[in-house]
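Now for the letters of each chain:
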Amino acid sequence: MHDDLLARLTPAQREAVTHVEGPLLVLAGPGSGKTRVITYRIAYLLRLGIPDTSILGLTFTNKAAQEMQSRVQQLVPGARVWLGTFHRFAAQTLRKYANLVGLESHFTIYDKDDSLRALRSVIADARIDLGSYSPEAVAHAISGAKSALLTPQNYEPRDGSPLGELVARIYPLYQERLRRSNAVDFDDLLMYLALLLRQSPEIRHRLDATYRFVMVDEYQDTNLVQYAIARAISVEYPNLAVTGDPDQSIYGWRGANLNNILEFEKDFPNVRVVRLEQNYRSTKRILAVAAKLIAHNVRRKEKDLFTDNEEGRPVRLVTYADNQEEAEDIAEQIARAIQRGERRPRDFAIFYRMNALSRGFEIALRERGIPYQIVNGVEFFQRKEIKDVIAYLQLINNPRDDVAFLRVINTPPRSIGETSVRRLREFAAAHGLCLLEAARRADAIPEFSLRTMGAFRAFVNLYDRLVAAAQGSVEELLGLVLTETGYREYLERSQHMEDQERLANIEELLTVARQFDERSGEAASLESFLEETSLVSDTDALDESADRVTLMTLHASKGLEFPVVFLVACEQGILPHERSRNDMDELEEERRLMFVGITRAKQELQISMAEYRDFRGQRKLTIPSQFLMELPREHLEIITSSRVATRPASWVGTSPAPQSVFRGSTWEAPRRTSAMPPSPPRRAQGGALTPDDFVLNMSVVHPRYGVGRIVALSGSGDARKATVDFGGAIGKMKFILSQSPLRPK
């Protein structure tokens, strides 16, 4: 019955898949087929006759959940196993029991930006002086308290902690503001569910009995509250199966507790432990480099990683003269491989420790017309125009959402000034009303003029029309929001190029809504759409089908793989991060982070550092990362740029690099005779200007508009475009460079 399923598995994978009852710990090394084990185990349980409604799979990203769901459907068509993130599971469970935690079922989920807006409002209304602390610092502390299951009632600041004293004052006010707005932040979702399971034995038992087989992916990344949820629903039926790898625990900074996986065997003494040690992703050399590095950590569980893949090319360890040369040579390597037909842009990934390091690589890739995508920063659902439109939908779904009301009341402009909004807020606070209800009673506010009353009345009428239309599809409602509010017309009338780009983004949001409607069918609802858009994670923005080079942080690279990886800026203070200098646990996490980056590479890996780096406004002589000294020399090809002015540290070795590795690259530049930092970027000399001669931040001259600065570039070849900021009344304008009279200044 199961031979066709089990025949595709290794002995270790088969042992994990066929385990049915009792706790299970799967220690899965990188590239060892962890997702296959999870999905095949689900299929195995289903084939044993276990109902699909009895199986629960918890992940950390929507992308992982969707991939698992797709694989389960291939193995067992029609199965309806619940697979999703912890936050999505918490949100859907809390909607059933909202009244037990002081909420209504249509509560709003605030993202980080909305939460911070609410927090700032609380601080301002209470006239609390933060001193030297920022609202972000307070938000981080409150988040930490919630992750530790500390409510405002049982939060106690540490002795002598000024920040703790502030949190003790602000945390209760912030929670009360959320409650009045019928809203929760991300941390509330998990904290409320964990507290509900603790305080209501009946509900805990009901969930335990419903989900008799619970699986948790990436268990090494769970924090206290996630640990509490998983344990609480695995009491009467302790069939908790967790997969993970202590060597890939890289989220300690956001509360992940490595002890959850290290001590799983203490929590469940009768646990079966299965080690997945065969790697199917990387070459032998790449795996050997990763294994040697991570062996320097103490807090881990031993695994003997191996692979049947080919030996592969040595891992290149490169010292560049400066960060500009690092970016230009990596871009040049990518360009040449693409031009020779050896690789596609999607084959390459560039990893860095922090987002601030991406700029040089963006410029170098743009100069060569290489398409790329960045997985970080202002993601689609965080863009202003998207949050504006989503705020309308949030207010339609939850009329008590004051953060959404404040965002949309004058967007687009409705001649409602800040003073009028302040008076409305004062009236609402005095009468215990949400802002929308206060707006309905604007006629009762004596300070308002007839014009102001009319403006609020018009907004309320608009809102009521939209609510009446909220029973249709999400795409239809979204279209009405864009037209009825005048938001689309507002952007269409604008002469600013950035508003035209915003227009394109809100049209893309219509596509998102249409795809949601098609995917959800009759189950589609505004509430579920808002839940889905609010719980998007960083790597959900990665388009793996796009033929582009991927630029991303090491943290964002978790769970991905690429044929060729460039791991850059391996220098003390960057990787490892400067904050880990005096903390052994944090240093081990930094080493795990580099291990994760290395093990994303399938066929080729280059690790690099620069002798000089421009970073945070300073040009500094760098110190090689201590991790570089831990790599096995026999699997490395050590290369030093001829432009390096000072001799590299002893770990680099003395033999020169084989020049064939960088044939035709930038390595033939004359060696400098002093240790002075490298010269600034160069523009092509002589001949007619080409679109590639224009670079980001370049000052340019237009015969009609005068002097401006290039603030954005896009496209390639003759279609390459530049957005130029001329300042003043002219503002930003976009030009097709091959057809424009622009000249460098």
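Residues numbered from 1 in each chain as written. Predicted model: local features only at pLDDT ≥ 70, side-chain atom pairs only at ≥ 80, totals over all residues. Heavy atoms only, no water.

- The chain has the name DNA 3'-5' helicase in an unreviewed UniProt entry, where Thermogutta terrifontis is given as its organism.
- Quoted verbatim from the Sequence similarities (unreviewed entry) field of UniProt, the annotation for the chain is "Belongs to the helicase family. UvrD subfamily." (UniProt positions renumbered as here; feature names shortened; annotations may be inferred.)

## A closer look at the pairing of strand 20 (residues 732-736)
No. 1: Of the strand pairs in this sheet, strand 19 (residues 721-725) and strand 20 are connected by 5 bridges, and their pairing is antiparallel. Bridging across to strand 20, D725 finds its partner in K732.
No. 2: In sequence, strand 19 turns back onto strand 20 through a hairpin of 6 residues, with G727 there showing a positive phi of about 70°. (Pairing = 2+ DSSP bridges. Helix = DSSP H or I, 4+ residues; strand = E, 2+ residues; numbered from the N terminus.)

## So, the environment of F381
No. 1: Residue placement: F381 occurs in the loop between strand 11 (372-375) and helix 17 (384-397).
No. 2: Placed 124 residues apart in sequence, F381 and N505 show a C-alpha to C-alpha distance of 9.8 Å.

## Re the packing of helix 14 (residues 284-294) against helix 26 (residues 584-598)
How two helices sit against one another is set out by the angle between their axes and by the gap between those axes.
No. 1: The N-to-C vectors of helix 14 and helix 26 enclose an angle of 175°; their axes lie 9 Å apart at closest approach. The angle between helix 14 and helix 26 places the two elements in the roughly antiparallel class. Every residue of helix 26 that contacts helix 14 at I286, V289, A290, A291, L293 and I294 is listed here: R591, R592, M594, F595 and I598.
No. 2: Along the lines of polarity and charge, the residues of the contact of helix 14 with helix 26 split into 9 nonpolar, no polar and 2 charged. (Axes fitted to C-alpha atoms, helices over the stretch in contact; angles between N-to-C directions. Parallel < 35°, antiparallel > 145°, perpendicular 65-115°, else oblique. Contact = heavy atoms within 4.5 Å. Nonpolar A, V, L, I, M, F, W, Y, C, P; charged D, E, K, R; others polar.)

## Here we look at empty space enclosed by the protein
No. 1: Considering all chains together, one arrives at 3 cavities of 30 Å³ or more under this definition.
No. 2: In this structure, the largest cavity occupies an estimated 40 Å³ of space.
No. 3: Elements that contribute at least two residues to the lining of the largest cavity include exactly strand 1 (24-28), helix 3 (34-47) and strand 7 (240-244).
No. 4: When residues of the lining of the largest cavity are assigned to their parent elements, the largest contribution, 3 residues, is made by helix 3.
No. 5: Considering only residue class, the lining of the largest cavity consists of 6 nonpolar, 1 polar and 1 charged.
No. 6: Here the second largest cavity is characterised by a volume of approximately 30 Å³. (1 Å grid on protein atoms, 1.4 Å probe; cavity = no way out; pocket = protein on both sides within 12 Å on 5 of 7 lines; lining within 4 Å. Points joined across faces, edges and corners; volume = space filled by probe spheres on them.)

## Describing helix 21 (residues 450-468)
No. 1: Taking 1.5 Å of rise per residue, 19 residues should cover 27 Å, and helix 21 covers 27 Å from first to last C-alpha, within 8% of that figure.
No. 2: Three or more residues of helix 21 are buried, namely T452, M453, A455, F456, F459, V460, L462, Y463 and L466. (Expected span 1.5 Å × (residues − 1). Buried < 20%, exposed > 50% of the residue type's maximum accessible area, 1.4 Å probe, protein only.)

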